[in-house]
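# Results of the structural survey
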Amino acid sequence: MPLLPPRDLPLLSLLALLSACTGGFSDPSRELGEPVSGPATGRVEIHRPPTMGVLDTPLEDVHGAPIGVACDTCHGPDADGEVLARAQDNPEGMHQGLEHRHGDLACDACHDPDDRRFLRRADGSRLEMPRAMELCAQCHGPQHRDYQRGSHGGMTGAWDLRRGDRVRNHCLDCHDAHAPAWSQLDPVFPPMDRGTVQQRTADSGSH
Amino acid sequence: MSDTSRRTVFKAMGATLGAGAFARAIAPIVEWTEDLSLDQLLQRHYKELGRDELQVVLRELERKTAEDYGTSVSIADPRPTPGVSFGYALNLTMCIGCRRCAEACHIENNHDRATDNSYIRVLEIDKGTVNLSRATADYDGPVPKADKYYMPVQCHQCDRPPCVNVCPVEATWKEADGIVVVDYDWCIGCRYCEAACPYHARRFNWTKPQIPAEEINPDQAYLSNRIRPQGVMEKCTFCLHRTRRGELPACLEACPTGSRVFGDLNDPASEIRWVLENKRVFVLKEDLGTLPRFFYFFDE
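### Details of the packing of aromatic side chains
- Tallied over the full model, the rule gives 15 aromatic pairs over all chains.
- Measuring from ring centre to ring centre gives 5.7 Å for Phe238 of chain B and Phe262 of chain B, while their planes differ by 85°; the resulting arrangement is edge-to-face. Taken together, the residues span a long stretch of sequence, with Phe238 of chain B in the loop between strand E9 (233-235) and helix H8 (240-243) and Phe262 of chain B in strand E10 (residues 260-264) at a distance of 24 residues.
- Given the relative accessible area of 1%, Phe238 of chain B is considered buried.
- An aromatic cluster is defined as three or more aromatic residues linked by ring pairs; in this entry it consists of Trp159 of chain A together with Phe86, Tyr88, Phe238, Phe262, Phe282, Phe294, Tyr296 and Phe298 of chain B.
- Between the NZ or CZ atom of Arg226 of chain B and the centre of the ring of Tyr222 of chain B, over which it lies, the distance is 4.1 Å.

Written out as structure tokens, the structure reads:
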């Protein structure tokens, strides 16, 4: 498998060959569909992970899903302006079970120490939870760029934004903020078709 | 191609193949004639049909599917969008070998349930090698394994498609948007194309596909995911029933890792063009000169 430097791709020859298909249609008007023109009006929406800014409790709702509480239940000021969590000094051992394997970042690298409802940027400025992607972006530039170019993070909906909308995944749909590495999973769907099983090791081909 | 010349091809094949091979090659037709309605036998090549005639064929196929499979489906004939040229790229750094793509293909394209057929085969390959001869497709989990990488393989929609050239009856051809299609009602099941494909991307329908009515995807197209008859070839069409409407292919949407990038090679602003111009890209078996439209790439 020879590796091509990106700019040496046979892209031009590839485009040139497009019209090379043989055997025309007896009704030439059937060959192509309707042209599509106009601006790309499709909306690109980023999915918002439901967990964002919510702490799961051991309680479950009727569907068996954990009931979440907002950070400010404990970290927000109460009627007297007192921050409960701090006052308590964590007797319940809150968040102790949190699995944290993300470089060797401290909690406060990402969470605003003065108000836990917020995240914080590297320069110390405050960031709302729903804008968490900006947090990831400041340390993972290449992945964020790839994401914006559509080659990281996947999507559903339309490839052609002139004809439909698109939904993008959020970084947090795939990466746990505290343990972002991918874990292993079981593959689905072992191939059973005759061709595949026969060819399983027969792919020696020219290589 | 007229029906007469198709019959001539049968004859010519008999002459060059020898009796045994010829019998095997035409077995699909001889043995399963009861499956073919008179209409289908009389049907002309897809490209020879006028607009109205095609509609008759489509409605007849819908009726037949409803009768055979007990559910109503719609079979359309989306044509290539002028100026659009499809390309597909897959990020080997990200793919974890979970086979969700193969599963999505199976469901989307109305594949036979018993054989778990899919147009996508995922190869598990030793890291640091490009040794496809030691690759396996029937690996177990959990994935990804530390010493392996994973390469899903499906039709590369080559611009010099060896499979098209060997078809004795012109039942398979390349369309203006780059997709290589099969006319299942014209295919004689000789399987030359399967042998000619260096990527093992074509499949043969050994049996009449069995799919429970409630699992059938009713959104079908003549040249893609309508339920294939027994004894004909089939292959990935980049989900043309979706992509020609502007939608993404089913395997891309199903990928949990976001390894797949699809789009219009003619559009300089497209995601696929960005990958081709900015990533380390290669094609499989480049030395064969097939000019695939399916690319693989690595993140740096």
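### What about the sheet that holds strand E7 (residues 166-168) of chain A?
All names here are of chain A.
- Within the open sheet, the three strands sit side by side as E1-E7-E6. Their pairing is mixed. Strands with a single pairing partner mark the edges of an open sheet, and in this sheet they are strand E1 (44-46) and strand E6 (155-157). Taking each pair of neighbouring strands and ignoring which way they run, the sheet shows an average axis angle of 25°.

### Notes on the pattern of salt bridges
- Throughout the structure, instances matching the rule amount to 37 salt bridges over all chains.
- Residue Arg63 of chain B pairs with Glu60 of chain B through a salt bridge whose shortest N-O separation is 2.9 Å. Residue Arg63 of chain B and its partner Glu60 of chain B are both found in helix H4 (residues 51-69); the two are separated by three residues, about one turn of the helix.
- Connected through shared salt-bridge partners, Arg121, Glu128, Arg131 and Glu134 of chain A make up one network.

### Concerning the side chain of Asn225 of chain B
All names here are of chain B.
- The topology assignment puts Asn225 in the loop between strand E8 (219-221) and E9.
- A relative accessible area of 0% places Asn225 in the buried class.
- Polar side-chain contacts of Asn225 include one of 3.2 Å to the backbone oxygen of Glu108.
- Every residue in contact with Asn225, bar those within four places of it in the chain, is listed here: Glu108, Asn109, Asn110, Asn217, Asp219, Gln220 and His241.

### So, the nonpolar core
All names here are of chain B.
- Ranked by internal contacts, the top residues of the largest apolar core, which has 78 residues, are Met151, Tyr222, Phe238, Phe262 and Tyr296.
- Top contributing element to this core by residue count: H4, with five residues.
- Among the domains, domain 1 (3-73) and domain 2 (74-300) are the pair contributing at least three residues each to this core.
- In this view, Tyr296 contacts Leu90, Leu92, Met151, Pro152, Val153, His156, Arg280, Val281, Phe282 and Leu284; residues no more than four positions away in its chain are not counted.

### Considering the environment of Glu103 of chain B
- Assignment of secondary structure puts Glu103 of chain B in helix H5 (residues 100-108).
- Separated by 11 residues in sequence, Glu103 of chain B and Leu92 of chain B place their C-alpha atoms 19 Å apart.
- With near-sequence residues (within four places) excluded, Glu103 of chain B lies in contact with Val188 and Phe189 of chain A.

### Quick notes on H5 of chain B
All names here are of chain B.
- Looking only at H5, the buried set comprises Cys101, Ala102, Ala104, Cys105, His106 and Glu108.
- Contact partners of the buried residues in H5: strand E3 (121-126), strand E4 (148-153), H8, helix H9 (250-254) and E10.
- At the exit of H5 stands Asn110, carrying a positive phi of roughly 55°.

### Let's talk about the pairing of E3 of chain B
Residues and elements named next belong to chain B.
- The buried fraction of E3 is high, at six of six residues.
- Both faces of E3 are covered, namely the face carrying Arg121, Leu123 and Ile125 and the face carrying Val122, Glu124 and Asp126.
- Taken together, the six bridges between E3 and E4 define a ladder with antiparallel strand orientation. Paired with Glu124 across the two strands is Tyr150, which belongs to E4.

### Observations concerning the confidence of the model for chain B
Residues and elements named next belong to chain B.
- With 86% of its residues at a pLDDT of at least 70, chain B reaches an overall mean of 88.
- Every residue in residues 10-24 scores below 50 in pLDDT, and together they form 15 contacts with partners more than four places removed in sequence or on other chains.
- Counting interchain partners and residues more than four positions distant, the pLDDT-below-50 stretch residues 26-38 has 17 contacts.
- Among the scores for the predicted complex, ipTM is 0.85 and pTM is 0.88.

### Some words on the sheet that holds strand E2 (residues 86-91) of chain B
Residue and element names in this part refer to chain B.
- Taken together, four strands build an open sheet; the order of strands is E10-E2-E12-E11 and the sheet is mixed. Each edge of the open sheet is held by one strand with a lone partner, namely E10 and strand E11 (280-282). On average, each strand axis in the sheet is tilted by 25° relative to the strand beside it, whichever way the strands run.
- As judged from the four bridges shared by E2 and strand E12 (residues 294-298), these two strands associate in the parallel manner. Note on E12: the bridge partner recorded for Asn91 is Phe297.
- Across the face of the sheet, helix H10 (residues 271-278) comes into contact with E2, E10, E11 and E12 while running at roughly 115° to E10.

### Comments concerning the packing of helix H4 (residues 132-139) of chain A against helix H5 (residues 141-148) of chain A
Residue and element names in this part refer to chain A.
- The interhelical angle for the contact between H4 and H5, taken along N-to-C directions, is 125°, at an axis separation of 5 Å. Considering the angle they form, H4 stands oblique to H5. In this structure, H4 uses Met133, Ala137 and Cys139 to contact H5, whose residues at the interface are Gly141, His144 and Tyr147.
- Class assignment for the residues of the contact of H4 with H5 results in four nonpolar, two polar and no charged.

### As for H10 of chain B
- Within H10 of chain B, six of the eight residues are buried, which leaves it mostly tucked inside the rest of the structure.
- Along H10 of chain B, the residues classified as buried are Glu271, Ile272, Arg273, Trp274, Val275 and Leu276 of chain B.

Calculation rules
Residues numbered from 1 in each chain as written. Chains lettered and ligands numbered in written order. Predicted model: local features only at pLDDT ≥ 70, side-chain atom pairs only at ≥ 80, totals over all residues. Heavy atoms only, no water. Phe/Tyr/Trp six-rings, centres within 6.5 Å; stacked < 30°, edge-to-face > 60°. Helix = DSSP H or I, 4+ residues; strand = E, 2+ residues; numbered from the N terminus. Buried < 20%, exposed > 50% of the residue type's maximum accessible area, 1.4 Å probe, protein only. Lys NZ or Arg CZ within 6 Å of the ring centre and 35° of its normal. Pairing = 2+ DSSP bridges. Axes fitted to C-alpha atoms, helices over the stretch in contact; angles between N-to-C directions. Salt bridge = Lys/Arg side-chain N within 4 Å of Asp/Glu carboxyl O. Polar contact = N/O pair within 3.5 Å; in protein donor to acceptor, adjacent residues only side chain to side chain. Contact = heavy atoms within 4.5 Å. Core = buried A, V, L, I, M, F, W, Y, C linked by side-chain atoms within 4.5 Å. Domains from an automatic or database assignment. pLDDT = per-residue confidence, 0-100. Parallel < 35°, antiparallel > 145°, perpendicular 65-115°, else oblique. Nonpolar A, V, L, I, M, F, W, Y, C, P; charged D, E, K, R; others polar.

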